[in-house]
Amino acid sequence: MEHPDSILIVDFGSQVTQLIARRIREAGVYSEIAPFQSAAEAFTRMAPKGIVLSGGPASVVDEDSPRIPQEILDSGLPMLGICYGQQALTRQLGGQVEKGAGGEFGEAFIDIGAPCALFDGLWTQGERHQVWMSHGDHVAELAPGFRPVATSKGAPFAIIADDARRIYAMQFHPEVVHTPDGAKLIANFARHVCGLTGDWSMAEFRAAKIAEIRQQVGSAKVICGLSGGVDSSVAALLIHEAIGDQLTCVFVDGGILRQGEAEQVVGLFRGHYNIPLIHVEAQTLFMNGLAGVTDPEAKRKFIGKTFIDVFEAEAKKIGGAEFLAQGTLYPDVIESVSFTGGPSVTIKSHHNVGGLPERMNMKLVEPLRELFKDEVRALGRELGLPDVFVGRHPFPGPGLAIRIPGEVTKERCDILRKADAIYLEEIRNAGLYDAIWQAFAVLLPVRTVGVMGDARTYDSVLALRAVTSVDGMTAQAFSFPGDFLPRVATRIINEVKGVNRVVYDYTSKPPGTIEWE
Ligand SMILES: Nc1ncnc2c1ncn2[C@@H]1O[C@H](COP(=O)(O)OP(=O)(O)OP(=O)(O)O)[C@@H](O)[C@H]1O
Ligand SMILES: O=c1[nH]c(=O)c2[nH+]cn([C@@H]3O[C@H](COP(=O)(O)O)[C@@H](O)[C@H]3O)c2[nH]1
Ligand SMILES: NC(=O)CC[C@H](N)C(=O)O
Ligand SMILES: [Mg+2]
């Protein structure tokens, strides 16, 4: 998206790069991440007012390690180097980086030895502050023009500055919450060093996106995959505002939805909006295709492809559509894409990104591609989307299929639907729905022995999951009040035939992911 005041983040493959984008946006400044290989292109397209260089797993001392593109280095723009970013700046500008020896991992303390533009209203000389470090290498000799600002045990140059060129760099990670003042350091860079006013808002995003959609689509027709989830509902409203009746929404029921979901979504949407909505019953198509498929990526790829097949068939029926709109978000993009030859790995193919077939007849319209979940909710409120949509827990496109490890059958979907409905009903009754980010049940391909009414049972295990999160990128298991889980377990085992044992999943993300597949 074009924005006159933006900051470009050059990604060297750090696990926490997306947090840099969040911190900058929280400071009211628009930012985007580009992998170092394509950063030069992004730089030309965005015309940013400042650059942040991320951390990364490589060592700048190694010959073939990632480099800052020359045009960015020569741009004269303010720059903030973080960890690997600091080391790359130092090396490319003529200083020395030393490999290994003296690494720091986790909590560390820095001593402030000199004033710095990043400290406005924050830190002063002589103070000691807590930061979070994760490095093996360190800057050993400053590049010409730089002065030392702060030191730590393992990093003699924990913060360095070249005031004339407006380049600042640090060995620690200001973007993580374990650096308590980190968000303020980043905000100071964005506002005071880059001179940006911090006026980026959802109202502005909405107006800019509407203009962009109009320009992209022209007078062509658009089909929007609508799931009733927050993302596609917001995408549909935004596109409708931009192009009106050129938009048709398509809701697909592949038999992998939750109990009552189709009726609920279609009813709610038709009740609130005057946007044409096609309800496609594609249960047989999906169930036949999923028969015998057990590999999680294979399930995701099949579902991604089949969604597109359905969208294309529906487009034909309305006389053709040139564009397909989806509610794809930034985390979908980040987690599905691995940089070619780069250090980041594909975790799972989100059905709407990595799960897309290679050849598509329709072009994509994805107005939310740069946003995080909580930002989409804010945009939804801005667009007047009712709370029943804005507050809904996320539900993945591949649905119950990725909550049934092993083969997906209609029978197993039915069992899971019943158990999941009881779990969610109890959560709502206990007033916990809004305190939880996402809750669901998983039907395991494991059978265990039980005893019911003096008879032996040999049935499936069901796992319950509930997490808290801000944006789905990291998550923690939700702690239910003492008697809640035993009550739900009893109800499920009594009421759902096929389940005789219930367990609770305490795994956080990372190291787990939210879904099981
Ligand atoms: N049942 C469905 N019918 C049509 N399109 C769907 C369906 N499920 C998913 N999609 C498409 O895939 C996109 C990504 O799904 P995703 O679950 O990430 O978003 P969402 O359902 O809109 O929101 P949420 O994350 O809150 O569930 C959706 O925005 C939508 O375009
Ligand atoms: O639309 C989607 N298509 C997918 O293929 C998909 N996979 C995971 N998710 C949702 O993304 C969030 C993070 O999930 P994970 O920790 O399991 O990756 C959670 O909210 C998941 O439910 C998906 N959403
Ligand atoms: N977190 C980082 O960016 C680490 C940079 C480099 N790999 C080091 O170990 O020092
Ligand atoms: Mg969804």
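Keep in mind that what you see is a predicted model, and the values were worked out from it rather than measured.

Reading guide: rules and limits
Residues numbered from 1 in each chain as written. Chains lettered and ligands numbered in written order. Predicted model: local features only at pLDDT ≥ 70, side-chain atom pairs only at ≥ 80, totals over all residues. pLDDT = per-residue confidence, 0-100. Contact = placed C-beta atoms within 7 Å. Core = buried A, V, L, I, M, F, W, Y, C linked by C-beta atoms within 7 Å. Buried ≥ 20, exposed ≤ 12 C-beta atoms within 10 Å, placed from the backbone. Helix = DSSP H or I, 4+ residues; strand = E, 2+ residues; numbered from the N terminus. Pairing = 2+ DSSP bridges. Axes fitted to C-alpha atoms, helices over the stretch in contact; angles between N-to-C directions. Domains from an automatic or database assignment. Nonpolar A, V, L, I, M, F, W, Y, C, P; charged D, E, K, R; others polar. Near = placed C-beta within 6 Å.

Right, let's get into the confidence of the model for the chain. Mean pLDDT over the chain stands at 92; residues scoring 70 or higher make up 95%. Of the regions scoring below 50 in pLDDT, residues 338-343 engages in 14 contacts with residues more than four places distant in sequence or in other chains. The complex model carries a pTM of 0.78, and its ipTM stands at 0.88.

Ranked by internal contacts, the top residues of the largest apolar core, which has 75 residues, are Val222, Cys224 and Ile239. Ranked by residue count, the leading element in this core is helix 7 (residues 230-243), at nine residues. Beyond its immediate stretch of four places on either side in the chain, valine 222 contacts Val217, Ile239, Ile243, Gln246, Leu247, Ala321, Phe323, Ala325 and Val365. Listed in part, the 64 residues of the second largest apolar core include Ile20, Phe119, Ile159 and Ile186.

A few words on the sheet that holds strand 9 (residues 147-151). Pairing is mixed in the open sheet, where nine strands are placed in the order 2-1-3-4-11-10-9-6-7. Looking at strand neighbours, the two that pair on one side only are strand 2 (30-35) and strand 7 (128-135), the edges of this open sheet. The average angle at which neighbouring strand axes cross in this sheet is 25°, direction not considered. By the bridge criterion, three bridges tie strand 3 (residues 50-53) to strand 4 (residues 79-82) in an arrangement that is parallel. Residue pairing for strand 4: valine 52 is matched across the bridge by leucine 80.

Per the domain assignment, the segments of the chain are domain 1 (6-193), domain 2 (202-390) and domain 3 (405-504). Centre-to-centre, using C-alpha coordinates, domain 2 lies 28 Å away from domain 3. At the junction of the two partners, domain 2 supplies 13 residues and domain 3 supplies 13 residues. Its residues assigned to classes, the side of domain 2 that touches domain 3 comprises six nonpolar, four polar and three charged.

Here the focus is the site of ligand 1. By nearness alone, 19 residues border ligand 1, and Gly225, Ser227, Gly229, Ser232 and Gly327 come closest of all. Mapped onto the shell around ligand 1, the elements with two or more residues apiece are helix 7 and strand 13 (247-253). Residues belonging to the shell around ligand 1 are distributed by class as follows: eight nonpolar, eight polar and three charged.

We now examine the sheet that holds strand 13. The sheet built from five strands is open, its strands ordered 14-13-12-15-16 with parallel pairing. Each edge of the open sheet carries a strand with a single partner, namely strand 14 (277-281) and strand 16 (363-365). Sheet twist, expressed as the mean angle between neighbouring strand axes with direction ignored, is 30°. Relative to strand 14, strand 13 runs parallel, the two being bridged by five bridges.

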